[in-house]
Amino acid sequence: MARITLDHLAHSYLARPKGEDDYALKEMNHEWGDGEAYALLGSSGCGKTTLLNIISGLLRPSAGRVLFDGRDVTDQPTTARNIAQVFQFPVVYDTMTVRENLAFPLKNRGADAAYVAKRVQAIASVIGMEAALDRKARGLTADAKQKISLGRGMVREDVNALLFDEPLTVIDPHMKWELRTQLKSLHREFGHTMIYVTHDQTEALTFADKVVVMYDGRVVQIGTPEELFETPAHTFVGYFIGSPGMNILPAKIEGDRALINGSSVALGRHYGPLAGDVTIGVRPEYARLSATEGLPVRIARVEDVGRHKIVRAEFFGNDINIIAREDEAIGADMTRVAFDASRINVYADDWRVEGEAA
Amino acid sequence: MEKTTNQKAWFLVLPVLALVAFSAVIPLMTVVNYSVQDTFGNNQFFWAGLEWFREMLSSERMWNALWRQLVFSAIILAIEVPLGIFVALNMPKRGVWASTCLVLMALPLLIPWNVVGTIWQIFGRVDIGLLGYTLEALGIDYNYTQDIFSAWATVIVMDVWHWTSLVALLAYAGLQSIPDAYYQAAKIDQASRWAVFRYIELPKMSGVLMIAILLRFMDSFMIYTEPFVVTGGGPGNATTFLSIDLVKMALGQFDLGPAAAFSIMYFLVILLISWVFYTVMTNLDRREGHR
């Protein structure tokens, strides 16, 4: 178990990176607390796996340092870092039995036989494979193999951190939920520092204490699920988290009001003069249809997803999504959209601006 | 739905049947024909039954050739397979050097058999060959035309030079198909280099290695040209392998009957071994495909 510090860390896959665009990971400084569960969330190719491989030592960063509990491990190989990692696709040793697979990381570190047997049994029950312990790994299904990979990752108790790289991609949905719960309870029990890479927001939000959202090689926000939902630090976070994502509208800010294509909208806070591309973001959950107030919109369609209705509307070429209660009647005269003023976030060049209390 | 039946479709396979008949069945039948008859020339044949087979089975000469053949195949497999794997493991995985290595490795495979024989025949000559002359100058007694050990060593080294590339290329292809995650997981699990080879690389290569072993076994079991060019089967009969012996018998002595019986048995042995290999490999595949 360890606190992980990323100190001016950056990585490029090119030998001589020229501009910032050549970096798969842009320079970052972060400290990840000991014993916390983090989810690394972002779309494909945003640098999640790169960051994970740097932490585990499979990749050496082009710049900066990685520290475990304040100790520089940048130049240490994976084996010296005492890390467990589970990969996206199952990695099992085909010719070994399930038992031998689970025992492998312990045996390589010279653990004594009684301890190995005890741990293997315990892990087998966590992944639900006690009955298959003496089977050869070769003939097993993909999700059984992935469970073995997970088991191999969890079998060591003394690891500095447990890293997961989209480990549930190949597992079927029912089992996914169960394994995630198992991982979570394991985390509670042993308090390992865990880092979980995923592009699935539900997975990230349910698994982690803190979610690290990455976009284009940058960590754009580290926060609790609630913070990500209420105050996304970057328009990407707003757009990526939530279903549908946050509505983003170009606006002009004047004090505590926003001007959107000539219509004025009240804001919860007061803002000074802003530079760059200014937009406001508001979650569909905090928008409502109205006959009398708000922006005049054209309603394209209403999707009933059972739990609630999603109204797809358009305002001068910008899409606005609204979540309406299931029992809410949508009348023909309701052609305006009103926002909950205190829930509106203001962005300059995609980054959130903290206003002053009005 | 009712299946439509059209017997005319059989006509479509006729060309293939005709081709196979002329290229394989008829020549094979000629051999069968010779193997059960005797002739004293003038194209007159007499029924001999299984006489030639009986004679060949009790012929010490054939058993000696078979024994030599098996020893030869065993030796070259024991050298080429581990050496090929070793080479493949040490070849660069990507970049310019990977392509360069591939081309260099493929070169010996492109040289015709008799040219390979000629190269080594000259290379090993004590009077003008670089190898033979050097060895002689170093005081090592080497002469493949007179010394049995030298003759075998030359033929084996030649075969290793010619064919190790094949094993190496196949093993290399097998290695290239292993995803990086396996090596990364092995690092995480703190597996030793040997464990990586034993539990990741070898199992992943097993399929292509089976093919490599089969090909090398079949090929070495039928080897003719290279030893014929280099040693001519000598000194004495020391490097007279099955094919060389067969040709001596059929074309040198013109003993058509015994040679035909010999051919058929030779063919059956190869067929048997191929069948065993095929069964083993398909069983492996089935286990593999069970995931």
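Keep in mind it's a predicted model, so treat the numbers as computed, not measured.

Asker: Explain the UniProt feature "domain: ABC transmembrane type-1" (unreviewed entry) in chain B to me, please; I cannot follow it from the model alone.
Answerer: UniProt tags residues 66-277 of chain B as "domain: ABC transmembrane type-1" (unreviewed entry). The span residues 66-277 of chain B carries 78% helix and 0% strand; its end-to-end C-alpha distance comes to 19 Å.

Asker: How should I be thinking about helix α8 (residues 180-188) of chain B in this particular structure?
Answerer: Note on helix geometry: an α-helix contains 3.6 residues per turn, so any two residues three or four positions apart are oriented the same way. Along α8(B), the residues classified as buried are Gln184(B), Ala185(B), Ala186(B) and Ile188(B). Of the residues trailing α8(B), Gln190(B) is marked for its positive phi of about 60°.

Asker: In this structure, what is going on with the confidence of the model for chain B? I would like to understand it.
Answerer: Low pLDDT marks stretches whose predicted atomic positions should not be read closely. On average, residues of chain B score 86 in pLDDT, and 97% of them reach the 70 mark or higher. Among the scores for the predicted complex, ipTM is 0.76 and pTM is 0.76.

Asker: Help me understand the UniProt feature "transmembrane region" (unreviewed entry) in chain B, please; the structure alone is not making it clear to me.
Answerer: The positions UniProt marks with the feature "transmembrane region" (unreviewed entry) are residues 12-36, 66-89, 101-123, 151-175, 196-218 and 259-281 of chain B. The span residues 66-89 of chain B carries 100% helix and 0% strand; its end-to-end C-alpha distance comes to 34 Å.

Asker: How should the packing of helix α4 (residues 96-110) of chain B against helix α7 (residues 148-176) of chain B be read in this particular structure?
Answerer: Each pair of packed helices can be described by the angle between their axes along with the distance between the axes. Residue and element names in this part refer to chain B. With their axes 8 Å apart at the nearest point, α4 and α7 run at an angle of 130° to one another. It follows that α4 is oblique to α7 by the angle criterion. The interaxial crossing formed by α4 with α7 has left-handed handedness. From α4, Met105, Ala106, Pro108 and Leu109 reach across to α7, where they touch Trp161, His162, Ser165, Leu166, Ala168 and Leu169. When the residues that make up the contact of α4 with α7 are grouped by side-chain class, the tally is 8 nonpolar, 2 polar and no charged.

Asker: Hey, could you run me through the interface of chain A and chain B in this one?
Answerer: One frequently used descriptor of interface size is the decrease in accessible area upon assembly of the parts. Counting residues at the interface gives 24 residues for chain A, matched by 16 residues for chain B. Looking at the side of chain A that touches chain B, the elements with two or more residues in it are α2 (78-81), β6 (83-86), α3 (98-108) and α5 (142-154) of chain A. When grouped by side-chain class, the residues that make up the side of chain A that touches chain B number 12 nonpolar, 8 polar and 4 charged.

Asker: How do you make sense of unusual backbone geometry when you look at a structure like this?
Answerer: Glycine aside, residues mostly have negative phi, and peptide bonds are mostly found in the trans state. All names here are of chain A. The residue after Ser243, namely Pro244, is reached through a cis peptide bond having omega -5°. Tracing the chain through its elements places Pro244 in the loop between α9 (235-240) and β11 (247-250). The phi torsion at Glu166 lies on the positive side, around 40°, for a residue other than glycine. Within the fold, Glu166 resides in the loop between β7 (161-165) and α6 (173-190). In this structure, Asn261 is a non-glycine residue whose phi angle is positive, near 45°. The residue Asn261 is located in the loop between β12 (252-260) and β13 (263-271) in this model.

Reading guide: rules and limits
Residues numbered from 1 in each chain as written. Chains lettered and ligands numbered in written order. Predicted model: local features only at pLDDT ≥ 70, side-chain atom pairs only at ≥ 80, totals over all residues. UniProt positions renumbered as here; feature names shortened; annotations may be inferred. Helix = DSSP H or I, 4+ residues; strand = E, 2+ residues; numbered from the N terminus. Buried ≥ 20, exposed ≤ 12 C-beta atoms within 10 Å, placed from the backbone. pLDDT = per-residue confidence, 0-100. Axes fitted to C-alpha atoms, helices over the stretch in contact; angles between N-to-C directions. Parallel < 35°, antiparallel > 145°, perpendicular 65-115°, else oblique. Left-handed = near helix turned anticlockwise from the far one by under 90°. Contact = placed C-beta atoms within 7 Å. Nonpolar A, V, L, I, M, F, W, Y, C, P; charged D, E, K, R; others polar.

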